[in-house]
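Given next are the chains, with one letter for each unit.
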Amino acid sequence: MTDTTIEQATAAASGAAATEQFRTKQRTATADVDTKRVDTLVSELLAAAHDIIRRHKVTYAEYDVLKSWLIQVGADGEWPLFLDVWLEHVVEEVANENREGSKGTIEGPYYVPGAPRTPTEATLPMRENEGGIPLLFQGQVRSVDGTPLAGAMVEIWHADDDGLYSQFAPGLPEWNLRGTVVGDEQGNFRIHTVQPAPYQIPTDGSCGRLISAAGWHAWRPAHLHLKVSAPGHHLITTQLYFKGGEHVTDDIASAVKPELILDPAPVAGGSGREVTYDFVLDKA
Ligand code: DHB
Ligand code: FE
């Protein structure tokens, strides 16, 4: 554990930062607002809710609990967390169902574009005494036909040994454990980092209240987040997990896939662990 974090990470602080980050992204995105599509999707969503109310004879007391909870999710800025934990995995499933290359999974709320660029062999920005087992993560980016991809980029971001993300928890250097690694002419990359800890959904906010009210747990397994791209190919957004790690089999965000589990080995004659994982990208 790193003991330099004095200020506590709170749901409201990480929620507000995640909301602001999403708004920044949305300003440059084009939204699909086709009237027919909105009509169909919202009507079916409401019909499903009506059906649940009838079948379970939902009371006014329960309706009011829901109403005040929904208001509070917004006040806490926790909509990005809620949506990315409980809905995004199905959006990702549908978006990538025809991909032949590497599996993707959810992006989550904590991606920040523009992390510092580093060469092919790089150590991610980290504190002098960054906690966690050193991890060498290396591999190659190839096309579906096996061609090594020059110009590949591996964006990587992950939590620290306390399960906290830079820019979303107080006291961490701006780009801690975030980087944009440029592959060599064969698409190879070698990234030195530390193994992240499992991530806990903030327990002091609305998502935390829902989790305890429903008797669920609040954990995601330890994971690396990645966006891998190359010229002429579709970018893949994914995550990688660690074999045998806590909550690999019961991720609250339902984002683990068997193809995404790493099994790092001890570094021969060195310290820490190392693992090789190659990415295969679909042609654009
Ligand atoms: C959430 C956090 C994550 O780190 C992640 O990968 C996915 C979801 C969340 O709190 O919503
Ligand atoms: Fe995450």
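Parameters at a glance
Residues numbered from 1 in each chain as written. Chains lettered and ligands numbered in written order. Predicted model: local features only at pLDDT ≥ 70, side-chain atom pairs only at ≥ 80, totals over all residues. Heavy atoms only, no water. Donors = N, O, S within 2.8 Å, 3.2 Å for Na, K, Ca; no water. Buried < 20%, exposed > 50% of the residue type's maximum accessible area, 1.4 Å probe, protein only. Patch = residues over 30% accessible without salt bridge, like charges linked within 9 Å, V, L, I, M, F, W, Y side chains within 5 Å. Areas by Shrake-Rupley, 256 points an atom, 1.4 Å probe, with all protein chains shown as cover. Salt bridge = Lys/Arg side-chain N within 4 Å of Asp/Glu carboxyl O. Near = heavy atom within 4 Å. Polar contact = N/O pair within 3.5 Å; in protein donor to acceptor, adjacent residues only side chain to side chain. Helix = DSSP H or I, 4+ residues; strand = E, 2+ residues; numbered from the N terminus. Pairing = 2+ DSSP bridges.

Enquirer: Any chance you could explain the coordination of the iron ion (ligand 2) here in plain terms?
Expert: Note on metal sites: the ideal angle is 109.5 degrees for four tetrahedral donors, and 90 or 180 degrees for six octahedral donors. Distances from the iron ion (ligand 2) to its protein donors, namely Y165 (OH), H223 (NE2) and H225 (NE2), fall within the range 1.9 to 2.1 Å. A residue is classified by how much of its surface remains accessible, and H223, at 3% relative accessible area, is buried.

Enquirer: Would you explain a nonpolar patch on the surface in this entry?
Expert: A grouping of L66, L70, W79, L83 and L87 is seen on the molecular surface, where their side chains present a nonpolar patch of about 420 Å² in accessible area. A relative accessible area of 36% places L70 in the partly exposed class.

Enquirer: Could you clarify how one ought to interpret the site of ligand 1 in this entry?
Expert: Residues in close proximity to ligand 1 total 13 residues, the closest being L81, Y165, Y199, R220 and H225. Between Y165 and ligand 1, the recorded distance is 2.9 Å, taken from a side-chain N or O atom to an oxygen atom. Coverage of ligand 1 by the protein amounts to 100% of the 290 Å² it exposes when considered alone. Elements with a minimum of two residues in the shell around ligand 1: α4 (79-86) and β9 (223-229).

Enquirer: I tried to follow the sheet that holds strand β1 (residues 117-118) on my own but got confused; where do I start?
Expert: Where strands meet in a sheet, backbone hydrogen bonds hold them as pairs that are either parallel or antiparallel. As summarised here, the arrangement of the 6 strands in space is β1-β5-β4-β9-β10-β11, forming an open sheet in which the pairing is mixed. Each edge of the open sheet is held by one strand with a lone partner, namely β1 and β11 (261-262). Relative to strand β5 (residues 178-182), β1 runs parallel, the two being bridged by 2 bridges. Counted as the bridge partner of T118 is V181 from β5.

Enquirer: Where do I start with the pairing of strand β13 (residues 273-276) in this structure?
Expert: Put simply, side chains in a regular strand alternate between the two faces of the sheet. Judged from the 4 bridges that link them, strand β3 (residues 134-143) and β13 form a sheet pairing that is parallel. Note that in β13 the partner of L135 across the bridge is R273. Relative to β13, strand β12 (residues 265-266) is paired through 2 bridges, and the arrangement is antiparallel. Looking across to β13, one finds that P266 is bridged to R273.

Enquirer: Could you clarify how one ought to interpret unusual backbone geometry in this entry?
Expert: As a rule of thumb, non-glycine residues mostly have phi less than zero, and peptide bonds are mostly trans rather than cis. In the Ramachandran plot, L177 falls in the positive-phi region, its phi being about 60 degrees despite a non-glycine side chain. By the element assignment, L177 lies in the loop between β4 (153-158) and β5. Residue classification places L177 among the buried residues on the basis of a relative accessible area of 1%. Although it is not a glycine, H247 sits at a positive phi angle of roughly 70 degrees. For H247, the location among the structural elements is in the loop between β10 (236-242) and β11.

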